[in-house]
Amino acid sequence: MSTFVTRRAALGIATTTALASLTACASDIRPLSNQSTPGEQRSYKGELKFNGYESRGTYVPATSSKKAENPPKPVPPAEMKAKTTEGMYAAINYWLASFNYLMITGDIEPFKAVDINRNDIYKAEPFVEFYEKNTGWVYGTDAPFSAELTEDAPQKVDEQQYRWLGVGRYNKEAKIHYTDGRELTMASLSSGPGDYEFFFILEYQDGAWTVRNEPAKLTTSSPSSSASSSGTSI
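Residues numbered from 1 in each chain as written. Predicted model: local features only at pLDDT ≥ 70, side-chain atom pairs only at ≥ 80, totals over all residues. Heavy atoms only, no water.

1. Some details on the overall build of the protein chain
Link 1 in the chain: Looking only at helices and strands, the protein chain has five helices and 12 strands in total.
Link 2 in the chain: Considering only residue pairs separated by 6 or more positions, the protein chain has 70% of its internal contacts joining residues 24 or more positions apart.
Link 3 in the chain: Total accessible area computed for the protein chain in this model is approximately 10,900 Å², and 49% of it derives from carbon and sulfur atoms. (Helix = DSSP H or I, 4+ residues; strand = E, 2+ residues; numbered from the N terminus. Contact = heavy atoms within 4.5 Å. Areas by Shrake-Rupley, 256 points an atom, 1.4 Å probe, with all protein chains shown as cover.)

Right, here's the structure in full:
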């Protein structure tokens, strides 16, 4: 296995259909007012963090000589069921936590709860195969990938879909140990240097928010100047 996963394989490339959908709705893309802070606009801009984990025993982090043991498992937050800005924010944080959990365990089950349409799952499946075939494991950090939102609030595409701009990067401490003895950093396998700018695409389905990502450079639509300024739910 000459490479493990590139940045594009991990985060995905938007399809022509998705681009066409965003372009068609360009005139209706606008910032969404926050719903959780009455009387003022709360900013969600900044680093993404998640704290809702299930303990599975004594956690022993991975090293260059062994895989992680009993890493805490992310649990879908109840907030991601709320059809509000806070609900979308909770879903994005869970998406990131599940992606990191997948990279250090090979367990894709938590990721399925936020990607029911398998938009990103098929791109992340190389991680599952990597662990199932005992090719190696990731170590050096509990969070190989970090991300932050660069907009205060999401932008509305249509009645069901929103997008939220963010940037992400691989942790410089994240390393890949191969059972054949090779050692590589995850950053060295990405498709380019520096931060990766992308949109979190959110859709409300079956009573909860689903999340997928799309590179910002492939999105041809642009937000309109009009902004939603009231309301307590989406």
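2. Details of the sheet that holds strand β9 (residues 175-178)
Link 1 in the chain: A sheet is described by the order of its strands in space; here three strands give the open sequence β5-β9-β10, paired in antiparallel fashion. What marks the edges here is a single partner per strand, and that holds for β5 (136-139) and β10 (183-185). Across this sheet, the average inter-strand angle for adjacent strands is 25°, counted without regard to direction. (Pairing = 2+ DSSP bridges. Axes fitted to C-alpha atoms, helices over the stretch in contact; angles between N-to-C directions.)

3. Regarding helix α3 (residues 85-105)
Counting along an α-helix, one turn takes 3.6 residues, and residues three or four places apart therefore face a common direction.
Link 1 in the chain: Here α3 contains 21 residues, and its C-alpha end-to-end distance of 30 Å stays within 8% of the 30 Å for a straight helix at 1.5 Å per residue.
Link 2 in the chain: By the criterion of burial, α3 is predominantly enclosed, with 19 of the 21 residues buried.
Link 3 in the chain: Gly106, located one to two residues past α3, shows a positive phi value of around 85°. (Expected span 1.5 Å × (residues − 1). Buried < 20%, exposed > 50% of the residue type's maximum accessible area, 1.4 Å probe, protein only.)

4. Some words on helix α5 (residues 121-132)
Link 1 in the chain: For α5, with 12 residues, the first-to-last C-alpha span of 16 Å sits near the 16 Å given by 1.5 Å per residue.
Link 2 in the chain: Buried within α5 we find Ile121, Lys123, Ala124, Phe127, Val128, Phe130 and Tyr131.
Link 3 in the chain: Asn134 occupies a position one or two residues after α5 and carries a positive phi of about 55°.

5. Section: the pattern of salt bridges
Link 1 in the chain: Counted according to the given criterion, the structure contains nine salt bridges.
Link 2 in the chain: Residues Asp195 and Arg169 are paired through a salt bridge, measuring 2.8 Å at the closest nitrogen-oxygen approach. Of the two residues, Asp195 is situated in the loop between β10 and β11 (196-205) and Arg169 in strand β8 (residues 161-170); the sequence distance between them amounts to 26 residues.
Link 3 in the chain: Given the relative accessible area of 46%, Asp195 is considered partly exposed.
Link 4 in the chain: Residue Asp180 is joined to Arg182 by a salt bridge in which the shortest nitrogen-to-oxygen separation is 3.0 Å.
Link 5 in the chain: Assessed through its relative accessible area of 54%, Asp180 is described here as exposed.
Link 6 in the chain: Here the salt bridges do not stand alone but share partners, grouping Glu148, Arg169 and Asp195 into one network. (Salt bridge = Lys/Arg side-chain N within 4 Å of Asp/Glu carboxyl O.)

6. Description of unusual backbone geometry
Link 1 in the chain: One non-glycine residue, Asn70, lies in positive phi territory at about 55°.
Link 2 in the chain: Mapped onto the elements of the fold, Asn70 is located in the loop between β3 (53-54) and β4 (73-74).
Link 3 in the chain: Within the chain, Asp206 stands out as a residue other than glycine whose phi angle is a positive 50°.
Link 4 in the chain: Overall, the relative accessible area of 76% leaves Asp206 in the exposed class.

7. As for the nonpolar core
Link 1 in the chain: Among the nonpolar cores identified, the biggest contains 48 residues, and Trp164 and Phe200 are the most heavily contacted of them.
Link 2 in the chain: Per-element tally for this core: the top contributor is α3, with 13 residues.
Link 3 in the chain: Those residues in contact with Phe200 that sit more than four places away from it in its chain are Leu48, Ile92, Trp95, Leu149, Tyr162, Arg163, Trp164, Val211 and Arg212. (Core = buried A, V, L, I, M, F, W, Y, C linked by side-chain atoms within 4.5 Å.)

8. Considering the environment of Trp209
Link 1 in the chain: With respect to the helices, strands and loops of the structure, Trp209 is situated in strand β12 (residues 208-215).
Link 2 in the chain: Under the relative-accessibility criterion, Trp209 is labelled buried at 1%.
Link 3 in the chain: When the C-alpha positions of Trp209 and Met80 are compared, they lie 5.8 Å apart, and in sequence the two are 129 residues distant.
Link 4 in the chain: A polar side-chain atom of Trp209 sits 2.8 Å from the main-chain carbonyl oxygen of Ala82. (Polar contact = N/O pair within 3.5 Å; in protein donor to acceptor, adjacent residues only side chain to side chain.)

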